[in-house]
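# Observations on the model geometry
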Number of protein chains: 2
Amino acid sequence: MAANPQVIAFDVFGTVVDWYSSIAAEVDALGLGVPGGPFALAWRAGYAPAMERVRRGELPWMRLDDLHRLILDRVLAEFGIGGLDDDAKSRLNKAWHRLDPWPDSVAGLQRLKQCFVICTLSNGNLGLLTDMAKRAGLPWDCVLSAEVFQHYKPDPETYLGVARVFDLEPAQVMLAAAHQADLDGARACGLQTAYIERPLEFGPDRPKDVARDPRNTCHAVDIEDLARQLGA
Amino acid sequence: MAANPQVIAFDVFGTVVDWYSSIAAEVDALGLGVPGGPFALAWRAGYAPAMERVRRGELPWMRLDDLHRLILDRVLAEFGIGGLDDDAKSRLNKAWHRLDPWPDSVAGLQRLKQCFVICTLSNGNLGLLTDMAKRAGLPWDCVLSAEVFQHYKPDPETYLGVARVFDLEPAQVMLAAAHQADLDGARACGLQTAYIERPLEFGPDRPKDVARDPRNTCHAVDIEDLARQLGA
């Protein structure tokens, strides 16, 4: 295996926090008469295409909070929900600031933090990631975001941006993520990569393929397992 | 007094950490035959003019690590020190990543963190601030820097940038700093301001005027005092 990295940058949605259960529970709690799970999936399904429009230049740079709101307005219409005023929509949109961590995340990050610099590298904006970390107790050394680099992953500016912030070679940085496309982007830039299995990212009815890809530096069942593998 | 802020952004050099003693001790430990205190003062004296050159566009945007290195090379020559190789200069330049906190800083920030989002707003770069926080135990919720906004304080883009990151009005953000010019810049942008007395910022032989300026929202002897005044 390669020499241990100095910095481990984490994808956040799905990798560190369980967006599906958290968003579904918030929607269910509103009593809108729609099932939270499918609503969460529909909201999240709008995420990649919206960022793709920013990456292609069809939309100006905007933060994920604003993209989430654009998608929310459409999904509310699709589900036939018309009764929310603007304040209620803003509060619901901030549900993405209140996502719960997976059970291993805080303990695993605490272990890794003893040996490595740990940071986020998320398409979420800085305010979102800061609120989330404070509420969930995620012990980041530094919050990095697409907002800092004004590029969304998988643009290389994001992965190389982390190495540049810490004045390191790309191979001295590891990206940890539950999504192969994100790891592919990081690997193409020379970063080490750690795949984190999150078979229930899309809920209990849509188990995810978590097969090992030998191109990754590490393959871990969760963040505590990654800490063990890296000797933390 | 105004309603309490939601976010408190801290100036760092001099306000949270004691650069004078830390740099002086590192220089003394090198045994270069020059007194650490005057060397530290000379190095720091180059800081404002160097940033001013970036702000005026005479130098391209560069991070504080790089400005510190430009100044270091000049100060080494002024002090007649020729024996350091490039690696040794790079290690010495990173002394700014290893500054010690004032005795009240960690406890005061821990108290404030219970009630407010606390972040840096420093001209130091992200890697420098992250290394410093990890070593000193500074419990930031988020590390913000001139590097994020590509502007040095007191450019308004920095103060307004903090409000924008957290989707707040300027008056919902407080800048805490030991320097009136920094607070003047923040106040002009509509932020609340807290002056932190640091009479020994420039060492024991150059006590600083820490007179109260009534235009500031708060005047505190240290960060624990600020926490008390804000009810944290």
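Residues numbered from 1 in each chain as written. Chains lettered and ligands numbered in written order. Predicted model: local features only at pLDDT ≥ 70, side-chain atom pairs only at ≥ 80, totals over all residues. Heavy atoms only, no water.

### Section: the relation of the copies chain A and chain B
Note on the chain copies: they are related by a rotation about an axis and a translation along it. Mapping chain A onto chain B leaves a residual RMSD of 0.0 Å; the transformation is a rotation of 180° accompanied by 0.0 Å of translation along its axis. Interpreted geometrically, this transformation is the action of a two-fold axis. Residue A:Val148, judged by its C-alpha, is the member of chain A lying nearest the rotation axis, at 2.8 Å. A shared binding surface is used by both copies, with 100% of the interface residues of chain A retained as interface residues in chain B. (Least-squares fit on C-alpha atoms with pLDDT ≥ 70 in both. Contact = heavy atoms within 4.5 Å.)

### A word on the pattern of salt bridges
All names here are of chain A. This structure, assessed with the given rule, holds 40 salt bridges over all chains. Here Arg74 ties to Glu78 by a salt bridge, and the two come within 3.3 Å at their closest N and O atoms. Residue Arg74 and its partner Glu78 are both found in helix 4 (residues 64-78); the two are separated by four residues, about one turn of the helix. Residue class for Arg74 comes out partly exposed when judged on its relative accessible area of 44%. A salt bridge links Lys208 to Glu201, with the shortest nitrogen-to-oxygen separation between them at 2.7 Å. It is possible to trace a salt-bridge network through shared partners that takes in Asp184, Arg187, Asp213 and Arg215. (Salt bridge = Lys/Arg side-chain N within 4 Å of Asp/Glu carboxyl O. Helix = DSSP H or I, 4+ residues; strand = E, 2+ residues; numbered from the N terminus. Buried < 20%, exposed > 50% of the residue type's maximum accessible area, 1.4 Å probe, protein only.)

### Overview of the sheet that holds strand 2 (residues 117-122) of chain A
Residues and elements named next belong to chain A. Spatial strand order, 3-2-1-4-5-6: six strands in an open sheet with parallel pairing. Lying at the two open borders of the sheet, with one neighbouring strand each, are strand 3 (142-145) and strand 6 (218-220). Between one strand axis and the next, the sheet turns through 25° on average, direction left out of account. Where strand 5 (residues 192-196) and strand 6 come together, three bridges link them in parallel fashion. Bridge pairing links Ile196 to Ala220 in strand 6. Where helix 7 (residues 126-136) meets the sheet, it contacts strand 2 and strand 3, and its direction lies at approximately 145° from that of strand 3. (Pairing = 2+ DSSP bridges. Axes fitted to C-alpha atoms, helices over the stretch in contact; angles between N-to-C directions.)

### Structural notes on the packing of helix 2 (residues 36-45) of chain A against helix 3 (residues 47-55) of chain A
Residue and element names in this part refer to chain A. At a minimum axis separation of 5 Å, helix 2 and helix 3 run at an interaxial angle of 15°. Here helix 2 is positioned roughly parallel relative to helix 3, judged by the angle of their axes. On helix 3, the residues that touch Trp43, Arg44 and Ala45 of helix 2 are Tyr47, Ala48 and Pro49. Each residue belonging to the contact of helix 2 with helix 3 can be placed in one class, and the counts come to five nonpolar, no polar and one charged. (Parallel < 35°, antiparallel > 145°, perpendicular 65-115°, else oblique. Nonpolar A, V, L, I, M, F, W, Y, C, P; charged D, E, K, R; others polar.)

### Section: the environment of A:Ala107
Locating A:Ala107 in the fold gives a position in helix 6 (residues 105-115). C-alpha of A:Ala107 to C-alpha of A:Ala181: the two residues are 74 residues apart in sequence and 26 Å apart in space.

### A few points about the nonpolar core
Of all hydrophobic cores here, the largest spans 170 residues; its most connected members are A:Phe10, A:Leu226, B:Phe10 and B:Leu226. Each residue touching A:Leu226, except ones within four places of it in the same chain, is listed here: A:Phe10, A:Leu112, A:Met174, A:Ala176, A:Ala194, A:Ile196, A:Cys218 and A:Ala220. (Core = buried A, V, L, I, M, F, W, Y, C linked by side-chain atoms within 4.5 Å.)

### Observations concerning the sheet that holds strand 6 (residues 218-220) of chain B
Residue and element names in this part refer to chain B. Taken in spatial order, the six strands make up an open sheet running 3-2-1-4-5-6, and their pairing is parallel. Edge strands, defined here as strands with exactly one partner in the open sheet, are strand 3 (142-145) and strand 6. In this sheet, neighbouring strand axes are inclined to one another by 25° on average, regardless of whether the strands run parallel or antiparallel. Its contacts with the sheet put helix 9 (residues 156-165) on strand 1 (7-10), strand 2 (117-122), strand 3 and strand 4 (173-177), and the angle it makes with strand 2 is roughly 150°.

### A few points about helix 3 (residues 47-55) of chain B
Turn by turn, an α-helix covers 3.6 residues, leaving residues three or four places apart pointing in a common direction. All names here are of chain B. For helix 3, the set of buried residues is Tyr47, Ala50, Met51 and Val54. Take helix 3 and look down its axis: the buried residues cluster within an arc of 95°, on one side only. The elements touched by buried residues of helix 3 are helix 2 (36-45) and helix 4 (64-78). Looking one or two residues beyond helix 3, the residue adopting positive phi is Gly57, at roughly 85°. (Arc of directions from axis to C-beta.)

### Description of the interface of chain A and chain B
Contacts between the two partners involve 18 residues from chain A, matched on the other side by 18 residues from chain B. Interface area, chain A with chain B, both sides summed: about 1700 Å², of which 53% is carbon and sulfur. For the pair chain A and chain B, the interface holds two salt bridges. B:Lys134 serves as the salt-bridge partner of A:Asp141, at 2.7 Å between the closest nitrogen and oxygen. Here chain A and chain B share eight residue pairs in polar contact (both at pLDDT 80 or more) between them. Among the secondary structure elements, those contributing two or more residues to the side of chain A that touches chain B are helix 7, strand 3, helix 8 (146-149) and helix 9 (156-165) of chain A. The element that contributes the greatest number of residues to the side of chain A that touches chain B is helix 7 of chain A, accounting for four residues. A breakdown of the residues in the side of chain A that touches chain B according to their chemical character gives nine nonpolar, two polar and seven charged. (Buried area = accessible area lost by both parts, 1.4 Å probe. Polar contact = N/O pair within 3.5 Å; in protein donor to acceptor, adjacent residues only side chain to side chain.)

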